[in-house]
Amino acid sequence: RQLYDFDVLSTSMVLFVFVRHGQTEYNAGGRYQGHVDSKLTKEGLQQALLVGQRLKQSKPMQALYSSDLGRCKSTADAIVKGAFGLKNLVDHEQAEKGFTFSQMLRERHFGHWQGLTKSMVKEKYADEVKADAGDWQHKMQGGGESRLDVLSRTMKVN
């Protein structure tokens, strides 16, 4: 496992950093999260602070895009604290101009599987698991979104 859970895509003009939220209570419990909000664990907050400290060494942050869910806002807040030593996002002078929180950036919706562990889904929805056959690219059992649905939704963010 990497110390910093983010990927960097850099061009000569712009640096994009993609960061997944820190560990949550649902992650730690092996549950499907989707659009259900689960709080960051202490480890998740620490992960985000470390990302912020690492980003402090790169180009100045000019914009921040995040899901509107609490776990993502908490991650963004901790990154800003780590990078700038600020108390919270509101203290950042660019907060109103440069920070965007959107429900369009939420992770994939897992339908009625959300909040359940994989073993619970296998037990309760065995037929759906069998029918899924791993093609989450184009479909998602349980009434959730496919990966292509998520891509289409997230590409609409300005």
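Reading the values: rules and limits
Residues numbered from 1 in each chain as written. Predicted model: local features only at pLDDT ≥ 70, side-chain atom pairs only at ≥ 80, totals over all residues. Heavy atoms only, no water. Salt bridge = Lys/Arg side-chain N within 4 Å of Asp/Glu carboxyl O. Helix = DSSP H or I, 4+ residues; strand = E, 2+ residues; numbered from the N terminus. Buried < 20%, exposed > 50% of the residue type's maximum accessible area, 1.4 Å probe, protein only. Patch = residues over 30% accessible without salt bridge, like charges linked within 9 Å, V, L, I, M, F, W, Y side chains within 5 Å. Areas by Shrake-Rupley, 256 points an atom, 1.4 Å probe, with all protein chains shown as cover.

**Q** Help me understand the pattern of salt bridges, please; the structure alone is not making it clear to me.
**A** Pairing is possible between side chains that carry opposite charge, provided their charged atoms lie close to one another. All told, the structure shown has 5 salt bridges when counted by the stated rule. Across the pair Asp68 and Arg106 runs a salt bridge whose closest N-O atoms are separated by 2.7 Å. Remark: Arg106 occurs in the loop between strand 4 (99-102) and helix 5 (118-124) and Asp68 occurs in the loop between strand 3 (64-67) and helix 3 (70-84); sequence separation between them is 38 residues. Residue Asp68 is classed as partly exposed on the basis of its relative accessible area, which comes to 23%. The exposure class assigned to Arg106 is buried, which follows from its relative accessible area of 18%. In this structure, Glu145 and Arg153 form a salt bridge, with 2.8 Å as the shortest nitrogen-oxygen distance. A residue is classified by how much of its surface remains accessible, and Arg153, at 11% relative accessible area, is buried. Through salt bridges with shared partners, one network takes in Asp37, Arg71 and Glu107.

**Q** Could you clarify how one ought to interpret a nonpolar patch on the surface in this entry?
**A** A cluster of nonpolar side chains, Val14, Phe16 and Phe18, forms an exposed patch at the surface whose accessible area comes to about 280 Å². Mapped onto the fold, Phe16 is located in strand 2 (residues 15-19). Of the residues examined, Phe16 reaches a relative accessible area of 42% and is grouped as partly exposed.

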